[in-house]
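Structural features, examined
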Amino acid sequence: MSFDTPGKKPPHRLPRNHAWFDQDMCNHLFIVTYGRTGSTLLLGILNSHPKIRIHGENEGLFYQLYSSLKALDAYERHRLPEGNDTSSEPFFGSSEFPYHQTRNEICDIFDHFFPEDDAVETRGFKEIRYDMPDLENYLDFLKGRYENTRFIFLTRDHQAVARSGFYQTTDPDFMESYLTILESRFLGYAGKNPESSFHLRYEELLDFARIQELFSFIGHPANEAIWRDAVAAKHSFNQKAIIGVSKASNLVIFDSAKRLLESSHLDIKNHELKNISKLALTGVLLPFPESGELTSLTFQGGSARYQAKLGIPSPGYRNKFPHNPLAATARFSFIPDPPDLRGGIEDFDLVATFANTGAEVIGRLFISVDHGRTP
């Protein structure tokens, strides 16, 4: 079904000879997801590219406009001839309603929602409100309305969603059922439309190889340094810092913790996580002298709590930071008490306590052993 304005072509439906058009580059991109999947972080990662501008949520505005056009189309089919438009008819007044004017006004919102900017090649928005009965028709409408449209379907482990943020007060059994149905509809559409669909999981936001695949799907190059900066910045509701675990990983500290630490580093003793049940972690956290000595460091997830051994000699950091008296013993180790990974996907808050500033969540460790892949 098409709801075009008669005689009017939307400005973002680019002709195939337009300089922006490229069969390998999408001109419009929509993030299809639900709450607490890292969609705002994905937004930041995408918008770190100068030629991409993805807007945030719009409270389901586009779907309401789409529904209005459907209702308008149905209403127009009931238009009564002027001579028969009497108060005894159920659709009395339909002959006087300004259908074309109303359709033009609605379509103008679609056509001008995205600001004109010659530097932007891919535009769109993310939305978490997709529990509508006609999801497939709505996504098809977006594809028909905008030139060269693609979708990112972003999902997350359902139990982790239920434990997260503002869903903590929602019945977890309801959330599991709700998300299972919603996600099956997402992936069902993606399966029918593989050329325009990309499925990304929450933990893959920290996997640069997957981010490269995503940007390739969109038609733009990915930059690892810019991606790392985007990952380290705060995004969305109650977001914690992110620690990316990989063979050559450093500890990525959330911006708010950088005022406390002069330097940080994470060592992975087990580079291959696929077949292990525990992860041996060591590293260095060097507080600024004004923060005070690091007095405790724990990973906390649900009822689990893992305590690091502190004060381990770090001669390399002592030489690198001779002005900082804390540098000589800045190394920590979770080897005596490593996080248990047998539960599959785990989220651990990293809580540090400093002598002068107290306790603070400075990071979060995301590990997925289900896929044999680390973020």
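Structure: see above.
Rules used in this analysis
- Residues numbered from 1 in each chain as written.
- Predicted model: local features only at pLDDT ≥ 70, side-chain atom pairs only at ≥ 80, totals over all residues.
- Heavy atoms only, no water.
- Pairing = 2+ DSSP bridges.
- Helix = DSSP H or I, 4+ residues; strand = E, 2+ residues; numbered from the N terminus.
- Axes fitted to C-alpha atoms, helices over the stretch in contact; angles between N-to-C directions.
- Contact = heavy atoms within 4.5 Å.
- Buried < 20%, exposed > 50% of the residue type's maximum accessible area, 1.4 Å probe, protein only.
- Arc of directions from axis to C-beta.
- Salt bridge = Lys/Arg side-chain N within 4 Å of Asp/Glu carboxyl O.
- Phe/Tyr/Trp six-rings, centres within 6.5 Å; stacked < 30°, edge-to-face > 60°.

On to the sheet that holds strand β4 (residues 149-155), then. The five strands are arranged β2-β3-β1-β4-β5 in an open sheet whose pairing can be described as parallel. Looking at the sheet topology across the chains shown, the edges are occupied by β2 (52-55) and β5 (197-201). Taken over all neighbouring pairs, the strand axes of this sheet differ in orientation by 20° on average, direction set aside. Here strand β1 (residues 28-32) pairs with strand β3 (residues 122-127) via five bridges, running parallel. Among the inter-strand pairings, L29 is bridged to a residue of β3, identified as G124. Running at roughly 160° to β5, helix α7 (residues 208-218) makes contact with β1, β2, β3, β4 and β5 of the sheet.

Restricting attention to buried positions, one finds in helix α4 (residues 135-145) the residues L135, Y138, L139, F141, L142 and R145. In an axial view of α4, the angular spread of the buried residues amounts to 150°, which keeps them on one side of the axis. Buried residues belonging to α4 abut β1, α2 (61-77), α3 (99-112), β3, β4 and α6 (172-192).

This next bit is on the environment of S48. Along the chain, S48 falls in the loop between α1 (39-47) and β2. A C-alpha to C-alpha distance of 9.4 Å links S48 and A222, two positions 174 residues apart in sequence.

Attention now goes to the pattern of salt bridges. Per the stated rule, a full pass over the model turns up 18 salt bridges. Linking E121 and K51 is a salt bridge whose minimum nitrogen-to-oxygen distance equals 3.7 Å. Separated by 70 residues along the polypeptide, E121 in the loop between α3 and β3 and K51 in the loop between α1 and β2 bring together distant segments of the chain. For E121, a relative accessible area of 18% translates into the label buried. Judged by relative accessible area, K51 falls into the partly exposed class, the value being 37%. Across the salt bridge formed by R79 and E76, the nearest N and O atoms sit 3.0 Å from each other. By sharing partners, the salt bridges in this structure join E57, E59, K126, E127 and R129 into a single network.

Moving on: the packing of aromatic side chains. What the rule picks out here adds up to 33 aromatic pairs. When the centroid spacing of 6.4 Å and the interplanar angle of 40° are considered together, the rings of Y75 and F91 count as tilted. You can see Y75 sitting in helix α2 and its partner F91 sitting in the loop between α2 and α3, a full 16 residues away along the chain. Judged by relative accessible area, Y75 falls into the partly exposed class, the value being 25%.

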